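Okay, here's what each chain looks like letter by letter:
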Amino acid sequence: MSGKGAENEKSQAVQTCPYLDTIDRTALDFDFEPACSQSLSTSPNIYACLVCGAFFKGRGKQTPAYLHSVNENHSVFLHLTRGTFHCLPDDYEIVDPSLDDIQKAFRPIYSEKDIQDLDNRKDLGRDLFGRRYLPGFVGLNNLNKTDCINATLQALAHVKKLRDFFLRCGDGVEFELILHVASSASSKKRKRKRNGSLSSKPKDTKKKVVVIDPTSFSHLAKCFGDMIRKMWNDKRFKSTVDPHMLVQAISVASNKRYSIGKQIEAGEFIAWLLHQLHHGVGGTKKAGSSIIHQLFQGSVEITTRQRKLVDENVAEEEDDRLGSDNEDDITKKVEAAKKEMEMNTNAIEENVSNSQFLQLTLDIPEKPLFKDDNGGLVIPQEPLPTLLKKFDGVSFNDVLGAPQAQQRRYRLTQLPNYLILCLSRFKKNSFNNEKNPTIVPFPITNFDLTHYVMDSQKKREP
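Everything numeric in this text was worked out from a predicted model, so none of it was measured. (Residues numbered from 1 in each chain as written. Predicted model: local features only at pLDDT ≥ 70, side-chain atom pairs only at ≥ 80, totals over all residues. Heavy atoms only, no water.)

## Examining the overall build of the protein chain
Inference 1: The number of helices and strands found in the protein chain is twelve helices and 20 strands.
Inference 2: The buried share among the 462 residues of the protein chain stands at 39%.
Inference 3: Contacts in the protein chain between residues at least 24 apart in sequence constitute 69% of all its contacts with a sequence separation of at least 6.
Inference 4: A total of about 27,600 Å² of accessible surface is found on the protein chain, and carbon and sulfur atoms cover 50% of it. (Helix = DSSP H or I, 4+ residues; strand = E, 2+ residues; numbered from the N terminus. Buried < 20%, exposed > 50% of the residue type's maximum accessible area, 1.4 Å probe, protein only. Contact = heavy atoms within 4.5 Å. Areas by Shrake-Rupley, 256 points an atom, 1.4 Å probe, with all protein chains shown as cover.)

Now the structure itself:
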């Protein structure tokens, strides 16, 4: 009896279909948005025809998928939300092990062992056309001026901890993650005392176990996770990835600020994308409340120096006599107060505040106006340590566009696990965006930033 029961369960678990030999795997492409090719509907009930690769809505009678199966004699379909296979117009679910390769190409799922062995793998993947590719180092199609988006995705896809986080989210199962969350939600400004100490201590962090639910992610975070899993998949049917779904999600989330056909700046885009991913995976205003802050967030101390404003409203003595000489005395008092404020060194006040950052923006010197002997522009070179002097904690830099003349000094108090440096090359003028062609050599080895980080308990004056 037990043997017959096992055979019955096995027969019920496998539901074959006589039309499986009509599947054309070379026509399948799951990188595009699941929308009906006839009604353009994006409802959850979208099916992909595994014979021609087109997307249709529904599987009931008089639906586009049902009519397509009857008119074109295409019978095998894939539900693009649940990942189940169906036969139309007979309307039954197909369970067959020969469809596992389509399932892995459509929605790859990584186990803990697969994620741990990902960096040690040396074998290459092979697509349906015989082309070999290295998982994680696949090309992204350019959808008309989306090269900056592709470059940003390639960089973020190789951040190990960020990659492992989104690979674990592929099966939609909840898991626990340990984060170092700040005890306070925001940093307040602190004034420096005369002895150089600060009026309050920096924020403390504490370990917190957070339950991650991939089903609660925002649409942008889900599309970003799908893109990461596709780039590291070794069972793909083609050796390139089309970022169409992610670009569409970016366009909607940014209100078409970053969309197809618009050339954007990579430094501005990566700052926006990290902020959206932080909130998309459940991050809050507290520092370190998401995997994004855990990896890319650092802290910097900003010292703002400016002159105290002179109060010209000097108290006038009451004098009801017309033509009194008291006005001359008041004018002399105001002028004397101005001179005293200018001569007094204590007239300059300093405000100290702590701020978090996801990337550091480095200012490049202006390009030279003169040409060389051959009539071409001189392209200067600036080493990276020269640009990093902005954060040495000693020099003050002028703030442009401030209502009052200000100078700021930056001190790095904590470096993130992964530091993003943005070179500010573009400057807007009245006509177009002008690019600074200065060459900045980047040292690959022996790049030490320890002398740029200041201990929060040991402050030094310049």
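There's plenty left to go through after this.
## Side note on the nonpolar core
Inference 1: In terms of nonpolar packing, the biggest core is built from 52 residues, with Leu-162, Phe-165, Phe-224 and Phe-296 touching the most fellow members.
Inference 2: No other element matches helix α7 (residues 219-231), which puts seven residues into this core.
Inference 3: Counting 21 residues, the second largest nonpolar core, distinct from the first, contains Leu-28, Cys-36, Ala-48 and Ala-105. (Core = buried A, V, L, I, M, F, W, Y, C linked by side-chain atoms within 4.5 Å.)

## Side note on the confidence of the model for the protein chain
Inference 1: Mean pLDDT over the protein chain works out to 82, with 81% of the residues at or above the 70 mark.
Inference 2: Ranking the helices and strands of the protein chain by mean pLDDT puts α7 first, with 95, and strand β10 (residues 190-191) last, with 45.
Inference 3: This stretch, residues 185-202, has a pLDDT under 50; its non-local contacts, to residues over four places away or in other chains, come to 42 contacts.
Inference 4: Counted against residues more than four places away or in other chains, residues 456-462, with its pLDDT under 50, gives 19 contacts. (pLDDT = per-residue confidence, 0-100.)

## Quick notes on the sheet that holds strand β3 (residues 76-79)
Inference 1: Taken in spatial order, the five strands make up an open sheet running β2-β1-β3-β4-β5, and their pairing is antiparallel. Of all strands in the sheet, those bounded by a partner on one side alone are β2 (55-57) and β5 (92-94). Geometrically, the sheet is characterised by an average inter-axis angle of 40 degrees between neighbouring strands, direction not taken into account.
Inference 2: Where strand β1 (residues 46-49) meets β2, three bridges bridge the pair, whose relative direction is antiparallel. Looking at the pairing, Tyr-47 lines up with Phe-56 of β2.
Inference 3: Packing against the sheet, helix α2 (residues 64-72) makes contact with β1, β2 and β3, and its axis sits at approximately 120 degrees to β2. (Pairing = 2+ DSSP bridges. Axes fitted to C-alpha atoms, helices over the stretch in contact; angles between N-to-C directions.)

## Observations regarding a nonpolar patch on the surface
Inference 1: A grouping of Leu-124, Leu-134 and Phe-137 is seen on the molecular surface, where their side chains present a nonpolar patch of about 280 Å² in accessible area.
Inference 2: Here Phe-137 is to be found in the loop between β7 (132-133) and β8 (139-140). (Patch = residues over 30% accessible without salt bridge, like charges linked within 9 Å, V, L, I, M, F, W, Y side chains within 5 Å. Salt bridge = Lys/Arg side-chain N within 4 Å of Asp/Glu carboxyl O.)

## Quick look at the environment of Lys-427
Inference 1: As for its position among the elements, Lys-427 is in strand β19 (residues 426-428).
Inference 2: Taking relative accessible area as the criterion, Lys-427 reaches 43% and is therefore assigned partly exposed.
Inference 3: Among residues more than four places away in sequence, those in contact with Lys-427 are Glu-366, Asn-432, Asn-433 and Glu-434.

## With respect to the environment of Leu-360
Inference 1: One can find Leu-360 in strand β15 (residues 360-363).
Inference 2: Taking the relative accessible area as the measure of exposure, Leu-360 reaches 4% and is therefore buried.
Inference 3: Spatially, the C-alpha atoms of Leu-360 and Leu-423 are 8.6 Å apart, while their sequence positions differ by 63 residues.
Inference 4: Excluding anything up to four places from it in sequence, Leu-360 contacts Phe-391, Leu-412, Leu-419, Ile-420, Leu-421 and Cys-422.

## Section: the side chain of His-68
Inference 1: By secondary structure assignment, the location of His-68 is in helix α2.
Inference 2: You can call His-68 buried: its relative accessible area is 10%.
Inference 3: In contact with His-68, other than residues within four places in its own chain, are Cys-49, Cys-52, Phe-56, Asn-73, His-74 and Phe-77.

## Things to note about the packing of aromatic side chains
For any pair of aromatic rings, the description rests on two quantities: the centre-to-centre distance and the angle between the ring planes.
Inference 1: Taken as a whole, this structure holds twelve aromatic pairs when the rule is applied.
Inference 2: When the centroid spacing of 5.1 Å and the interplanar angle of 75 degrees are considered together, the rings of Phe-166 and Phe-224 count as edge-to-face. Residue Phe-166 is located in helix α6 (residues 160-168), and its partner Phe-224 is located in helix α7; the two are separated by 58 residues in the primary sequence. Neither Phe-166 nor Phe-224 differs from the other in exposure class; each is buried.
Inference 3: Summarising the aromatic geometry, the rings of Tyr-258 and Trp-272 are spaced 5.2 Å apart at their centres and angled 55 degrees between planes, so their arrangement reads as tilted. Of this pair, Tyr-258 sits in the loop between α8 (244-253) and α9 (266-280) while Trp-272 sits in helix α9; the two residues are 14 residues apart in sequence, bridging distant segments of the chain. For the pair shown, Tyr-258 and Trp-272 are each scored as buried. (Phe/Tyr/Trp six-rings, centres within 6.5 Å; stacked < 30°, edge-to-face > 60°.)

## Observations regarding unusual backbone geometry
Inference 1: Here the residue pair Leu-88 and Pro-89 is connected by a cis peptide bond, since its omega of 5 degrees sits within 30 degrees of zero.
Inference 2: Relative to the helices and strands, Pro-89 resides in the loop between β4 (85-87) and β5.
Inference 3: Its identity is not glycine, yet Leu-40 carries a phi of approximately 60 degrees, on the positive side.
Inference 4: Relative to the helices and strands, Leu-40 resides in the loop between α1 (2-13) and β1.

## Quick notes on the state of the cysteines
Inference 1: On inspection of all chains with the given rule, the structure shows zero disulfides.
Inference 2: In this model Cys-52 remains outside any disulfide bridge; the closest cysteine sulfur is found in Cys-49, 3.6 Å from its own.
Inference 3: The class of Cys-52 is partly exposed, set by a relative accessible area of 34%. (Disulfide = S-S within 2.5 Å.)

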